[in-house]
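Given next are the chains, with one letter for each unit.
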Amino acid sequence: METRPPLPPFTPETAAQKVRAAEDGWNTRDPQRVSMAYTAQSRWRNRAEFITGREEIVGLLSRKWARELDYRLIKELWAFAGNRIAVRFAYEWHDDAGNWFRSYGNENWEFDENGLMAVRHASINDLPIKEADRKFHWPLGRRPDDHPSLSDLGM
């Protein structure tokens, strides 16, 4: 049986660890790797798209990262209880025409007993920004530990 620690029920420390692990995974921009944090039949609502299962997760993320270039994400724990976590996030990206965006949102997550995410509901809004207004400047990949959080950035 697959497990993905930390496992529920979550504490303040383990919920924060789970959020950072998710952020780190998404910042790889590797759809297959990211999909392995979810149950085989995970159910998602991502914007207006409803998907089920890892194969559909890989498809959605492949389309996403083909369109959202130079993607950099910060997630922050909002609340948790038992096997559920609420997260707020922001990410910056540009399209193939060089237009920059900051996307903001909230996610509600539900985990199975093995620490795999079984349900993910994401609400996301896109804000066009000027390249000069970007706040996420680390090299592609994992956000450095000393980079400011969303709260530190006043977001």
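The structure under discussion appears in the preceding block.
The rules behind the values
- Residues numbered from 1 in each chain as written.
- Predicted model: local features only at pLDDT ≥ 70, side-chain atom pairs only at ≥ 80, totals over all residues.
- Heavy atoms only, no water.
- Helix = DSSP H or I, 4+ residues; strand = E, 2+ residues; numbered from the N terminus.
- Buried < 20%, exposed > 50% of the residue type's maximum accessible area, 1.4 Å probe, protein only.
- Salt bridge = Lys/Arg side-chain N within 4 Å of Asp/Glu carboxyl O.
- Core = buried A, V, L, I, M, F, W, Y, C linked by side-chain atoms within 4.5 Å.
- Contact = heavy atoms within 4.5 Å.
- Pairing = 2+ DSSP bridges.

A. Geometry of the environment of aspartate 152. Looking at the element boundaries, aspartate 152 is found in the segment after β6 (117–129). A residue is classified by how much of its surface remains accessible, and aspartate 152, at 59% relative accessible area, is exposed. The spatial distance from the C-alpha of aspartate 152 to the C-alpha of isoleucine 51 is 33 Å, given a sequence separation of 101 residues.

B. Just the pattern of salt bridges, in detail. A full pass over the atoms with the stated rule returns 18 salt bridges. We note a salt bridge from arginine 84 to glutamate 110, for which the minimum N-O separation is 3.1 Å. With arginine 84 in strand β4 (residues 84–94) and glutamate 110 in strand β5 (residues 100–111), this residue pair connects regions lying 26 residues apart in the sequence. Arginine 102 is the partner of glutamate 92 in a salt bridge, and the nearest nitrogen-oxygen pair spans 2.9 Å. Taken together, the positions of glutamate 92 in strand β4 and arginine 102 in strand β5 put the pair 10 residues apart, joining distant regions of the chain. Here the salt bridges do not stand alone but share partners, grouping Arg20, Glu23, Asp24, Arg142, Arg143 and Asp145 into one network.

C. Focus on the nonpolar core. One finds Trp26, Tyr38, Trp44, Leu61, Ile85, Tyr91 and Trp109 to be the most contacted residues of the largest nonpolar core, which totals 26 residues. Among the elements of the structure, α1 (12–27), β1 (38–46), α3 (54–67), β3 (69–81), β4, β5 and β6 are those that each provide at least two residues to this core. A per-element tally of this core places β4 first, with 5 residues. Each residue touching isoleucine 85, except ones within four places of it in the same chain, is listed here: Phe10, Ala15, Lys18, Val19, Leu77, Ala79, Phe80, Glu107, Asn108, Trp109 and Phe111. If you look at the next biggest cluster of nonpolar residues, it comprises 6 residues, including Ile74, Trp138, Leu150 and Met155.

D. Quick peek at the pairing of β3. In this structure, β3 lies alongside β4, joined through 10 bridges in antiparallel fashion. When the bridges of β4 are listed, lysine 75 appears paired with phenylalanine 89. If you look at the hairpin formed by β3 and β4, you'll find 2 residues sitting between the two strands, and glycine 82 has a positive phi there, around 60 degrees.

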